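# Structural overview
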Amino acid sequence: MDSPPPYQPRYVMLNSNNSTALKPPPQRRNVPRYHNHKQSHGSSCLRCVCCCFCFWLLLIIFLAAAVVILYTVLQPEIPCYNVDRFDVNAFNVEPDFSLYAEFVVTVQSDNPNLHIAINYGKSSSVVVMYKDSVLCTGKIPAFRQPQKNVTNISIVLKGKSEFGNGLQEALMQNKHTGQVPLLVKVRAPVSLVVQDLPLRQVTVLLNCSLVVDNLAPKKQAKILSSKYEYGVEL
């Protein structure tokens, strides 16, 4: 019985002479290519950060240029305030031994700006103090001060305070020397107006330390010296 023919491979390699003497090349495996998703994601984030940085840098440069241009055109100057007159309408001891005081303080407001007006709001307050005791209070009338303008503001202040022995002795001593120290505290909401456009409102604080010669009723007190301190609340 004849033996079966030897097993034939499914694929053979032939040379030009149809010979199978050539050996097949070693098997090679093509490794599939994968994209590095982490690297791509990192590049996108970096581009986003760079764009944001460039945007904010350009915005800051633009705002700085606008501020410089506005400052050059408007040439803003700080307003000047001065207590010009101090009138005593009443300074009397009441039957209940309280002290009733009524002053009229005239404040001179100088707006030196050529392109900026000033709005004074309604919720202002003015306090006159002596030796940490409040003598009287009042408020600045609301108004708009135009450009390049000097305005005298008359402020009426009234109030009652306890007239103890300490306050009475200090006042008598000051009257004898002809030097009465007072503190005028002003708190005023203010907004600048540029070309009829009101800007953000701020609160101006003014402390004025005055020394007057007397507090006699129905007379004008002479201002011997004054010292001013300014502040702003945003």
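Here we summarise the structure given alongside this text.

### Structural notes on the overall build of the chain
The number of helices and strands found in the chain is 2 helices and 12 strands. Each helix and strand of the chain, placed in order from N terminus to C terminus, yields the pattern α-β-β-β-β-β-β-β-α-β-β-β-β-β. Counting over 234 residues, the chain shows a buried share of 29%. A separation of at least 24 residues holds for 64% of the contacts in the chain among residues at least 6 apart in sequence.

### Considering the pairing of strand S8 (residues 180–194)
Two strands pair when backbone bridges link them, and strand S3 (residues 116–120) and S8 are joined in this way by 5 bridges, in the antiparallel orientation. Its bridge partner lying in S8, Ile118 is registered against Leu192. Where strand S4 (residues 125–130) lies against S8, 5 bridges are found, and the strand directions are antiparallel. Bridging from a neighbouring strand, Ser125 pairs with Arg187 of S8. In this structure, S8 lies alongside strand S10 (residues 202–212), joined through 11 bridges in antiparallel fashion.

### Structural notes on helix H2 (residues 165–177)
With 13 residues, H2 extends 19 Å from end C-alpha to end C-alpha; this agrees with the ideal 18 Å at 1.5 Å per step. Residues of H2 that are buried: Leu167, Ala170, Leu171 and Asn174. Each buried residue of H2 lies within a common arc of 100 degrees when the element is viewed along its axis, so the set occupies one face. Exposed and oriented more than 90 degrees from the buried face of H2 are Asn165, Glu169, Met172, Gln173 and His176. Where H2 ends, the next residue or the one after it, Gly178, has phi of about 75 degrees, a positive value.

### Some thoughts on the layout of surface pockets
Each pocket or cavity is described by its volume, and for the largest pocket that value is around 490 Å³. Lining the largest pocket are 20 residues, and of these Pro79, Leu192, Val202, Val204 and Val232 sit closest to its centre. The set of elements that each furnish at least two residues to the lining of the largest pocket consists of S3, S8, S10 and strand S12 (223–233). In terms of residue class, the lining of the largest pocket is made up of 16 nonpolar, 2 polar and 2 charged.

### With respect to the nonpolar core
Grouped together as the largest cluster of nonpolar side chains are 38 residues, with contacts concentrated most on Phe86, Phe91, Phe103, Leu135, Leu171 and Leu215. In terms of residue count, S8 provides more of this core than any other element does, 6 residues in total. In contact with Phe86, other than residues within four places in its own chain, are Phe103, Val104, Val105, Leu182, Leu210, Leu215, Gln220, Ala221 and Ile223.

### Some words on the packing of aromatic side chains
The tally for this structure, following the rule as stated, stands at 3 aromatic pairs. Taken together, a centroid distance of 5.0 Å and an interplanar angle of 50 degrees make the contact between Phe86 and Phe103 tilted. Of this pair, Phe86 sits in strand S1 (residues 80–93) while Phe103 sits in strand S2 (residues 98–111), and the two are 17 residues apart along the sequence. Phe103 shares its class with Phe86; the two are buried. A centroid spacing of 6.2 Å and a plane angle of 15 degrees characterise the contact between Phe91 and Phe103, whose relative ring orientation is stacked. With Phe91 in strand S1 and Phe103 in strand S2, this pair connects stretches of sequence that are 12 residues apart. For the pair Phe91 and Phe103, a shared accessibility class is recorded, and that class is buried. Taken together, Phe86, Phe91 and Phe103 form an aromatic cluster joined through their ring pairs.

### Some details on unusual backbone geometry
Look at Lys131: it is not a glycine, yet its phi comes out positive at around 55 degrees. Summarising the element assignment, Lys131 is placed in the loop between S4 and strand S5 (133–138). Relative accessible area serves as the criterion here: at 52%, Lys131 is assigned to the exposed category. With a phi angle near 60 degrees, Lys218 is a residue other than glycine that sits in the positive phi range. Its location among the elements puts Lys218 in the loop between S10 and strand S11 (219–221). With a relative accessible area of 71%, Lys218 lands in the exposed category.

Analysis parameters
- Residues numbered from 1 in each chain as written.
- Predicted model: local features only at pLDDT ≥ 70, side-chain atom pairs only at ≥ 80, totals over all residues.
- Heavy atoms only, no water.
- Helix = DSSP H or I, 4+ residues; strand = E, 2+ residues; numbered from the N terminus.
- Buried < 20%, exposed > 50% of the residue type's maximum accessible area, 1.4 Å probe, protein only.
- Contact = heavy atoms within 4.5 Å.
- Pairing = 2+ DSSP bridges.
- Expected span 1.5 Å × (residues − 1).
- Arc of directions from axis to C-beta.
- 1 Å grid on protein atoms, 1.4 Å probe; cavity = no way out; pocket = protein on both sides within 12 Å on 5 of 7 lines; lining within 4 Å.
- Points joined across faces, edges and corners; volume = space filled by probe spheres on them.
- Nonpolar A, V, L, I, M, F, W, Y, C, P; charged D, E, K, R; others polar.
- Core = buried A, V, L, I, M, F, W, Y, C linked by side-chain atoms within 4.5 Å.
- Phe/Tyr/Trp six-rings, centres within 6.5 Å; stacked < 30°, edge-to-face > 60°.

Worth remembering: the numbers are spatial, not functional.
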